[in-house]
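Per-entry structural report
Letter by letter, the chains look like this.
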Amino acid sequence: MEIPDQFLICETNFWLVNHRMDSALPGYLMVASKLPVHDLSDLPHGALTEFGPLLAEAQKALRTALKPVRVYIGRYGHSPGYPIHFHLVPVYDWVEGLFWRDDRYRVLEHFVEAQDEPDTDGAELTLFIWREFCERPNPPPIEGPSVPETISLLRDRMNKEVGR
């Protein structure tokens, strides 16, 4: 898959880091293999050696530059035609606030046993982020830097650390 330059953050010998192209959430990153493989076990040693430090650096860049409450890292990968890739999803306090104020998502509470504390989990917040910031034609307003500003900020940070 070709990543337009305006979304590309950094590149190594085996990996691309880009801002998710259809996300209005600043800092939603993708780390994708440059090789057309679908399983980690199919990657050469060099790609695996690069992967851990690159993923850690991407998480560190998000945490230091944007200060999310959490950074979720996941691999979903059941869409044909895409090489193995990972999602880095920043969860900001204002995103959690939007989640709790949106009554449509309260239906999710019916799928869990009673808990002592009202809380949400990563699956619920990821669903919220996907639906509201990636799929809606008019996503909620964001707080902080815009997506283009975020890309520039992360590009500067990561390229200094990765050395490219």
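The present account deals with the structure reproduced in this document. (Residues numbered from 1 in each chain as written. Predicted model: local features only at pLDDT ≥ 70, side-chain atom pairs only at ≥ 80, totals over all residues. Heavy atoms only, no water.)

A word on the overall build of the chain. When helices and strands are tallied, the chain shows 4 helices and 5 strands. Order of helices (α) and strands (β) in the chain, N terminus to C terminus: β-β-β-α-β-β-α-α-α. For the chain, buried positions account for 45% of its 164 residues. Sequence-distant contacts in the chain: of pairs separated by 6 or more residues, those separated by 24 or more amount to 63%. Split by element, the accessible area of the chain, about 9,200 Å² in all, is 53% carbon and sulfur. (Helix = DSSP H or I, 4+ residues; strand = E, 2+ residues; numbered from the N terminus. Buried < 20%, exposed > 50% of the residue type's maximum accessible area, 1.4 Å probe, protein only. Contact = heavy atoms within 4.5 Å. Areas by Shrake-Rupley, 256 points an atom, 1.4 Å probe, with all protein chains shown as cover.)

A few words on the packing of helix α1 (residues 45-66) against helix α4 (residues 147-162). The N-to-C vectors of α1 and α4 enclose an angle of 135°; their axes lie 10 Å apart at closest approach. By the angle class used here, α1 and α4 are oblique. The handedness of the crossing between α1 and α4 comes out as right-handed. The segment α1 lies against α4, with Leu54, Glu57, Ala58, Ala61, Leu62, Thr64, Ala65 and Leu66 engaging Thr150, Leu153, Leu154, Arg157, Met158, Glu161 and Val162. (Axes fitted to C-alpha atoms, helices over the stretch in contact; angles between N-to-C directions. Parallel < 35°, antiparallel > 145°, perpendicular 65-115°, else oblique. Left-handed = near helix turned anticlockwise from the far one by under 90°.)

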